[in-house]
Every structure is written in C-alpha cells, then in structure tokens.
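Now for the letters of each chain:
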Amino acid sequence: DSGVTQTPKHLITATGQRVTLRCSPRSGDLSVYWYQQSLDQGLQFLIQYYNGEERAKGNILERFSAQQFPDLHSELNLSSLELGDSALYFCASSVAGGRTSPLHFGNGTRLTVT
Amino acid sequence: ELKVEQNPLFLSMQEGKNYTIYCNYSTTSDRLYWYRQDPGKSLESLFVLLSNGAVKQEGRLMASLDTKARLSTLHITAAVHDLSATYFCAVVVHYQLIWGAGTKLIIKP
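Residues numbered from 1 in each chain as written. Chains lettered and ligands numbered in written order. Predicted model: local features only at pLDDT ≥ 70, side-chain atom pairs only at ≥ 80, totals over all residues. Heavy atoms only, no water.

A. Representation of the nonpolar core. Ranked by size, the top nonpolar core spans 26 residues in total, and within it B:Leu32, B:Trp34, B:Leu74 and B:Tyr87 carry the most contacts. Elements supplying a minimum of two residues to this core: strand S2 (10–14), strand S3 (19–25), strand S4 (32–37), strand S5 (43–49), strand S7 (61–66), strand S8 (71–76), strand S9 (85–93) and strand S11 (103–108) of chain B. Here this core takes five residues from S9(B), the largest share from any one element. Judged by nonpolar contacts, the second largest core, of 20 residues, contains A:Val19, A:Leu21, A:Phe64 and A:Val113. (Core = buried A, V, L, I, M, F, W, Y, C linked by side-chain atoms within 4.5 Å. Buried < 20%, exposed > 50% of the residue type's maximum accessible area, 1.4 Å probe, protein only. Helix = DSSP H or I, 4+ residues; strand = E, 2+ residues; numbered from the N terminus.)

This is the structure in structure tokens:
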C-alpha cells in the first residue's frame, strides 16, 4: 500500500458529462501529480501541485482542471468528456518535488466514457 | 528536446534467461527511477539511482546508472514468470520527471 488514496476506483459516464477525481496524498507529502494512462499507453503527465500551488503543467487539456486544497488533497476535474478521455488516471505524491524522492502512486481511477 | 527512450518496448523471453532493458536520456540528469507496473495496476517504485556508477539490486533485478553515457540499465537474471510486467524508467530534470514509454516484459514458463 503506497499510502496514496484515489476515489472512485471506477467511473462510467457519458460523453459531454463532467466528473471529479479525488486524491489524498501520503501523510507528509506536499507534492501531488496527476497522470493519464490510456490502454497500452505510457504515462502522460498532466499537472503537478506543490503545497497548494501549481508547480508544473504537462499535456493537460483545457477541458481538464485541477487544484490542491489546504489539507493537501487534490481533485482533477474533467469536463465535456469525450470517448478518448477513457483511461486510467493516476495520482502520485512525493515529499518534495520528485527530485529527491520517488513518486508514490495511488491505485488509479478507471474512467470509461460511453 | 527532452527525451527518455527505452528499448526494447516489448520483450518476450523464457524463464531462466537473462536480459537487459535500456533507458537512454537526452539531457543531463543525476537521478533516475525505475518503476514496475502490473496490468491495470498501480506503479511500484523499484530503484532510485542517485549518482554516476550507482548500482542497486533486488532479487533478480539489478539497475545501474551511467550519467556520462546518459544510460541506465535494468538487468534481469534467471527470469521467472512473476517478473512479467511493464517497466518504466523516469529521469529527473529540473524538478520534473521525464518518463520512458515503458518496456512490456512477458516471461514464459
């Protein structure tokens, strides 16, 4: 168990809808990362937060947004969903910015858009 | 452009054999991670390589880092079926992680 909690585990929704994925980092970790992994694909970095502030942005679509709250949990909001958004979404956390310690991954949220 | 290239991307091998996965990267870095992912599961940290010449071993897996050649290797010794997974390397560059595409390893009994 990595200590990173993601909810829900599975999500099935229709095109055009909006969903929110939630992540609680490991105790003591200040950085939260969001990744998208499509079937048989590699990891696509979406966005990183550090202690509530956006630290880095990757290939995140404008339809997607995220935030990290004062208690350090994070939410990833996906709107106007398309079939191609179906993927496994991972949250990861680290103590600092990933430079000094590896990322610890949650079990992911599997999103299916129908 | 920052690039991390893994090869091979797919590897099917027999139990008992040895093999090496390569991770090449295009810019200076002194820190590299290896992760394992089982199908549909989370990613598990395997090794953290912190300096040139670093070597880490865990069971049948051994990872090394050559920062001058910008190369890391993950060596599998006497492979067993349980090592079947996808292996990712990730390089730290300016506080960001750059990921390889992953090597899908299938070990046949």
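B. The sheet that holds strand S1 (residues 5–7) of chain A, seen in detail. Residue and element names in this part refer to chain A. With antiparallel pairing, the four strands of this open sheet are ordered in space as S1-S3-S8-S7. Every interior strand has two partners, whereas the edge strands, S1 and strand S7 (64–68), have only one. In this sheet, neighbouring strand axes are inclined to one another by 15 degrees on average, regardless of whether the strands run parallel or antiparallel. Pairing geometry for S1 and strand S3 (residues 19–24), over three bridges, is antiparallel. Following the sheet pairing, Gln 6 is matched in S3 by Cys 23. (Pairing = 2+ DSSP bridges. Axes fitted to C-alpha atoms, helices over the stretch in contact; angles between N-to-C directions.)

C. Expanded view of the interface of chain A and chain B. Each side of the interface is counted separately: chain A has 22 residues, and chain B has 19 residues. Taken over both partners, the interface formed by chain A and chain B buries close to 1,600 Å², and the fraction arising from carbon and sulfur atoms is 54%. For the pair chain A and chain B, the interface holds zero salt bridges. Summed over the shared surface of chain A and chain B, the result is five residue pairs in polar contact (both at pLDDT 80 or more). Those elements that provide at least two residues to the side of chain A that touches chain B are strand S4 (31–37), strand S5 (44–50), strand S6 (53–57) and strand S9 (87–94) of chain A. Considering only residue class, the side of chain A that touches chain B consists of nine nonpolar, nine polar and four charged. (Contact = heavy atoms within 4.5 Å. Buried area = accessible area lost by both parts, 1.4 Å probe. Salt bridge = Lys/Arg side-chain N within 4 Å of Asp/Glu carboxyl O. Polar contact = N/O pair within 3.5 Å; in protein donor to acceptor, adjacent residues only side chain to side chain. Nonpolar A, V, L, I, M, F, W, Y, C, P; charged D, E, K, R; others polar.)

D. Fine view of the pattern of salt bridges. Residues and elements named next belong to chain A. Scanning the model with the defined rule gives five salt bridges over all chains in all. Close ionic contact of Glu 82 with Arg 63 constitutes a salt bridge, the shortest N to O distance being 3.7 Å. Of this pair, Glu 82 sits in the loop between strand S8 (74–78) and S9 while Arg 63 sits in the loop between S6 and S7, placing them 19 residues apart in sequence. The class for Glu 82 is partly exposed, based on a relative accessible area of 43%.

E. Representation of the pairing of strand S11 (residues 109–113) of chain A in the model. Residues and elements named next belong to chain A. Burial of the side chains of S11 is restricted to one face: Thr 109, Leu 111 and Val 113 are buried, whereas none of Arg 110 and Thr 112 on the reverse face is. Pairing of strand S2 (residues 10–13) with S11 involves four bridges; the strand directions are parallel. Pairing of His 10 across the sheet is with Arg 110, part of S11. Relative to S11, S9 runs antiparallel, the two sharing three bridges. Across the sheet, residue Ala 87 finds its bridge partner in S11, namely Leu 111.

F. Layout of the state of the cysteines. All chains considered together, the criterion is met by two disulfides over all chains. There is a disulfide in this structure between A:Cys23 and A:Cys91, and the S-S distance comes to 1.8 Å. Every disulfide takes its handedness from the sign of the S-S torsion; for A:Cys23 and A:Cys91 that torsion is -55 degrees, giving left-handed. Remark: A:Cys91 occurs in strand S9 and A:Cys23 occurs in strand S3; sequence separation between them is 68 residues. Each member of the pair, A:Cys23 as well as A:Cys91, is classed as buried. Between the sulfur of B:Cys23 and that of B:Cys89 lies a disulfide, 2.0 Å long from S to S. Between B:Cys23 and B:Cys89, the S-S dihedral sits near 80 degrees, and the bridge is therefore right-handed. Of this pair, B:Cys23 sits in strand S3 while B:Cys89 sits in strand S9, and the two are 66 residues apart along the sequence. (Disulfide = S-S within 2.5 Å.)

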